[in-house]
Amino acid sequence: MATTTAPTRKAPNPWWVGLVCGMASYIDAAAIVGTGIALVIYQHTIGLDPGQIGWLSGALTFFIAIGALVGGKLGDTFGRRSVFVVTMGVIAVGGALATVAASFPLLLVGVALIGFGTGADLPVSLATIAESSDDHNRGKIIGLSNMLWLVGIISAVAIATFFGGLGRLGGQLLFGQVAVVAALVLIARFSIPETPSWLRANGRELGTGSTPAKISVRELVSGSYARPFFGLLGFYALTNLAANTQGQFTTYLWVNVVGIDVQLASLIGLLSFPVFILFGLWFMKIVDGKHRFVYFTFGAIAYAASYFIPALLGFSFATMLTYTLLNGIGGAFAFEGIMKVWTQESFPTMIRSTAQGTILAVARFAAALLASVTPMLINNGPQALFAGLGAVVTVGVLIAWLVFHKAPRNQFATETEAIPAVTASAVAQA
């Protein structure tokens with residue numbers, strides 16, 4: 001009897017993996033918020049009308065959805081690393097095109113490429129983070145990606161605060177930073193190997209050529225994973241309708257409804273971020289502990305309430321500030337961060353990226369449809385829009401509460417228990 005084992009390699013520091021792969025969330029936020037601000041600038045510089053602004057906003061979100069659907073499946077089929085290297089290159093090219101664009105058609109192409117690359121990158125990058133960490137730090141490192149999402153927003157808001165008054169150049173800087181950051185992240189991505197979980201699930205880590213039995217994607221809709229899958233789908237799709245509106249159109253609301261200029265609106269956003277970062281760090285502290293669902297419940301209430309404030313009291317400087325603060329607190333504990341953690345824990349390796357890509361895709365498709373008409377809805381009466389957003393957030397967080405108030409089995413623990421059986425059958429060679 002002879003035993004074949006895989007050559008050993010030093011695993012990268014999981015926090016380094018979290019930083020490099022988590023930059024997908026940075027770019028996602030910088031692109032969404034930066035595009036929203038740039039389009040407000042471009043309506044006065046290159047002559048975009050409300051319809052074109054809606055199409056561009058919708059295109060960004062629509063192609064993020066397409067990318068997530070495609071990238072998630074490719075990540076499970078061909079590996080995390082192969083996908084997240086290509087996607088970052090696509091983002092860099094799209095950012096460069098959007099930076100030089102001076103007309104609607106070229107701007108549309110650039111925004112579409114940014115969206116597709118970002119969407120395809122997110123599910124595989126998050127799976128890489130989860131599969132490179134352990135039960136003691138997984139939630140924290142996924143939380144780091146959410147902090148990078150906040151930093152991405154801050155970067156866009158900071159550029160708008162200091163350069164938003166420069167006309168078209170301000171918009172070019174917002175798109176240009178996406179291109180430059182994507183190029184730098186692409187270089188760093190080459191230091192991240194394929195995850196051991198994916199190699200093991202494909203029978204490659206052991207070097208035997210055998211492939212363990214795979215789990216059918218159909219189990220997401222009809223098998224044992226259907227409950228968390230549909231729960232996360234409903235939770236994220238509904239809450240993201242509101243969050244995407246907040247990300248893309250807060251500046252539009254400040255300028256066109258409240259009546260302040262772009263720079264002041266951006267400065268208000270910039271000054272609010274220390275509070276959001278504080279709550280993001282708090283989320284990282286508690287997410288791997290036993291009280292995270294209590295925080296989710298608190299955050300869910302604050303998140304839903306944030307949209308009802310301007311809906312009931314009207315849009316003014318005071319109500320918009322209150323909305324911004326409650327939205328940041330609620331989002332820290334009851335939105336994307338906890339969705340990412342639950343998604344990684346709820347599905348096994350071979351459908352993890354597909355599940356997350358599908359969840360992201362459905363949410364972004366829905367948001368794209370809403371974004372394409374949001375400027376017109378705002379012009380026709382933003383209070384009705386925000387009342388609707390408050391209602392869908394309430395339904396979304398209620399779905400999550402019902403599905404996850406009794407936490408499902410952590411799939412990382414399940415797969416760890418199965419490793420000895422796989423190893424015994426696949427490693428031993430006669």
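Residues numbered from 1 in each chain as written. Predicted model: local features only at pLDDT ≥ 70, side-chain atom pairs only at ≥ 80, totals over all residues. Heavy atoms only, no water.

Describing an aromatic ring pair means giving the distance of the ring centres and the angle of the ring planes. The final tally for this structure, using the stated rule, is 30 aromatic pairs. Among the aromatic residues, those joined into a cluster by ring pairs are Trp149, Tyr236, Tyr303, Tyr307, Phe315, Tyr323, Phe335 and Phe386. (Phe/Tyr/Trp six-rings, centres within 6.5 Å; stacked < 30°, edge-to-face > 60°.)

So, on to the packing of helix α2 (residues 50-78) against helix α9 (residues 226-258). Taken N-terminus to C-terminus, the directions of α2 and α9 make an angle of 135°; their axes are 12 Å apart at the nearest point. It follows that α2 is oblique to α9 by the angle criterion. Handedness of the crossing formed by α2 with α9: right-handed. Residues Ser57, Leu60 and Thr61 of α2 form the contact with α9, whose own contacting residues are Asn244, Gln248 and Phe249. Looking at side-chain class alone, the contact of α2 with α9 contains two nonpolar, four polar and no charged residues. (Axes fitted to C-alpha atoms, helices over the stretch in contact; angles between N-to-C directions. Helix = DSSP H or I, 4+ residues; strand = E, 2+ residues; numbered from the N terminus. Parallel < 35°, antiparallel > 145°, perpendicular 65-115°, else oblique. Left-handed = near helix turned anticlockwise from the far one by under 90°. Contact = heavy atoms within 4.5 Å. Nonpolar A, V, L, I, M, F, W, Y, C, P; charged D, E, K, R; others polar.)

Attention shifts here to the environment of Phe116. Mapping Phe116 onto the fold places it in helix α4 (residues 104-131). Setting aside chain neighbours within four positions, we find Phe116 in contact with Phe63, Ile64, Ile66, Gly67 and Val70.

Here the focus is empty space enclosed by the protein. This model, assessed by the stated rule, comprises three cavities of 30 Å³ or more. Within this model, the largest cavity holds a volume of roughly 490 Å³. As for the largest cavity, its lining consists of 32 residues, and the residues nearest its centre are Ile153, Gln246, Phe273, Phe276 and Asn327. Residue assignment for the lining of the largest cavity shows that the elements contributing at least two residues are α1 (14-45), α5 (138-163), α9, α10 (262-286) and α12 (317-334). With nine residues, the single largest contributor to the lining of the largest cavity is α10. Split into classes, the residues belonging to the lining of the largest cavity amount to 17 nonpolar, 14 polar and one charged. In this structure, the second largest cavity occupies an estimated 110 Å³ of space. (1 Å grid on protein atoms, 1.4 Å probe; cavity = no way out; pocket = protein on both sides within 12 Å on 5 of 7 lines; lining within 4 Å. Points joined across faces, edges and corners; volume = space filled by probe spheres on them.)

Moving on, we get to the nonpolar core. Ranked by internal contacts, the top residues of the largest apolar core, which has 127 residues, are Leu107, Phe296, Trp342, Phe347 and Phe386. Looking at this core, the element that brings in the most residues is α1, giving 18 residues. Look past the residues within four positions of Phe347 in its chain and what remains in contact with it is Leu220, Tyr225, Pro228, Phe229, Leu232, Arg352, Ala355, Ile359 and Gln411. (Core = buried A, V, L, I, M, F, W, Y, C linked by side-chain atoms within 4.5 Å. Buried < 20%, exposed > 50% of the residue type's maximum accessible area, 1.4 Å probe, protein only.)

So, on to the side chain of Arg80. Looking at the element boundaries, Arg80 is found in helix α3 (residues 80-100). Look at Arg80 and you get buried, because its relative accessible area is 0%. Within polar-contact distance, the side chain of Arg80 engages the backbone oxygen of Thr349 at 3.0 Å. Setting aside residues up to four positions removed in sequence, Arg80 forms contacts with Gly75, Val124, Ala127, Thr128, Glu131, Glu194, Thr195, Trp198, Thr349, Arg352 and Ser353. (Polar contact = N/O pair within 3.5 Å; in protein donor to acceptor, adjacent residues only side chain to side chain.)

A separate point is the pattern of salt bridges. Pairing between side chains of opposite charge can happen when their charged atoms approach one another. One pass over the structure, following the stated rule, counts nine salt bridges. Where Arg80 meets Asp76, a salt bridge forms, and the shortest distance between an N and an O atom there is 2.6 Å. In this structure, Glu131 engages Arg352 in a salt bridge whose closest nitrogen and oxygen atoms are separated by 2.8 Å. Of the two residues, Glu131 sits in helix α4 while Arg352 sits in helix α14 (residues 349-380), which places them 221 residues apart along the sequence. Through salt bridges that share partners, Asp76, Arg80, Glu131 and Arg352 make up one connected network. (Salt bridge = Lys/Arg side-chain N within 4 Å of Asp/Glu carboxyl O.)

Secondary-structure assignment places Asn244 in helix α9. A relative accessible area of 5% means that Asn244 is categorised as buried. In contact with Asn244, other than residues within four places in its own chain, are Ile32, Thr61, Ala367 and Ala371.

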